[in-house]
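The chain contents come next:
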Amino acid sequence: MTPGEAVTDDESLSRIIAANPAIYGHPTSTAPMGGPGDPSAVVDSVGAVKGVEGLRVVDASIIPEVPSSTTNVTVIMVAEHIYRRVYGS
């Protein structure tokens, strides 16, 4: 695993970190949720794709605006909420 056994001190680790920046994007809001009158909405309040029977989307793409919190936790919360609304559990 990076940085590997070659890094044995803080200075070496600092060089590795500085030389290898990475961005881990978490795309959201590409198929936003919205009401019946919202022309930009792709899914309704329970993730059902408008105009496509039997298809739901329950992931980060349905969040209408990019959240300022951790994306993973937000998607888990949205999925659990939709599950309860659809299946009543």
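J.: Now, about the overall build of the protein: what can you tell me, with residues and values included?
T.: Of regular secondary structure, the protein possesses two helices and zero strands. Relative to the compact-globule value of 12 Å for 89 residues, the protein shows a C-alpha radius of gyration of 20 Å, a clear excess of over 25%. Counting over 89 residues, the protein shows a buried share of 22%. Intrachain contacts of the protein at a sequence separation of at least 6 include 38% that bridge at least 24 residues. For the protein, the computed accessible surface area is about 6,700 Å², with 58% contributed by carbon and sulfur atoms. Of the side chains in the protein, 5 bear a positive and 10 a negative charge, and the two mean positions are spaced by 12 Å.

J.: Requested: an account of the packing of aromatic side chains, with residues and values cited.
T.: Each aromatic ring pair is described using two quantities: the centre-to-centre distance and the angle formed by the ring planes. Applying the stated criterion across every chain, the model contains one aromatic pair. Both rings, one in tyrosine 83 and one in tyrosine 87, keep their centres 5.0 Å apart while their planes meet at 40°; by these two values the pair is tilted. Taken together, the positions of tyrosine 83 and tyrosine 87, both in helix H2 (residues 71-87) and four residues apart, correspond to about one turn of that helix. Residue classification places tyrosine 83 among the partly exposed positions, given a relative accessible area of 44%. The exposed category is assigned to tyrosine 87, whose relative accessible area is 57%.

J.: Hey, could you go over the side chain of threonine 74 for me, with residue numbers and the actual values?
T.: Along the chain, the position of threonine 74 falls in helix H2. Within the structure, threonine 74 has its side chain in polar contact with the side chain of serine 69 (distance 2.9 Å). With near-sequence residues (within four places) excluded, threonine 74 lies in contact with Ile63, Pro67 and Ser69.

J.: With reference to specific residues and values, describe H2.
T.: In a regular helix each residue adds 1.5 Å, so 17 residues correspond to 24 Å; H2 covers 24 Å between its end C-alpha atoms and thus fits that length. Those residues of H2 not exposed but buried are Thr71, Thr74, Val78 and Ile82. The arc that holds the buried residues of H2, viewed along the axis, is 65°, so those residues lie on one side. Counted as exposed and oriented over 90 degrees from the buried face of H2: Asn72, Val73 and Tyr87. Following H2 by one or two positions, glycine 88 has its phi on the positive side, about 70°.

J.: So what's going on with the pattern of salt bridges? Which residues, and what values?
T.: Within this structure, the stated rule accounts for one salt bridge. For the salt bridge of glutamate 11 with arginine 15, the shortest nitrogen-to-oxygen distance reads 3.0 Å. Note that glutamate 11 and arginine 15 are positioned in helix H1 (residues 10-19) at a spacing of four residues, about one turn of the helix. You can call glutamate 11 exposed: its relative accessible area is 56%.

Cut-offs and rules
Residues numbered from 1 in each chain as written. Predicted model: local features only at pLDDT ≥ 70, side-chain atom pairs only at ≥ 80, totals over all residues. Heavy atoms only, no water. Helix = DSSP H or I, 4+ residues; strand = E, 2+ residues; numbered from the N terminus. Rg over C-alpha atoms; globule rule 2.2 N^0.38 Å. Buried < 20%, exposed > 50% of the residue type's maximum accessible area, 1.4 Å probe, protein only. Contact = heavy atoms within 4.5 Å. Areas by Shrake-Rupley, 256 points an atom, 1.4 Å probe, with all protein chains shown as cover. Lys, Arg positive; Asp, Glu negative; His and termini not counted. Charge placed at Lys NZ, Arg CZ, Asp CG, Glu CD. Phe/Tyr/Trp six-rings, centres within 6.5 Å; stacked < 30°, edge-to-face > 60°. Polar contact = N/O pair within 3.5 Å; in protein donor to acceptor, adjacent residues only side chain to side chain. Expected span 1.5 Å × (residues − 1). Arc of directions from axis to C-beta. Salt bridge = Lys/Arg side-chain N within 4 Å of Asp/Glu carboxyl O.

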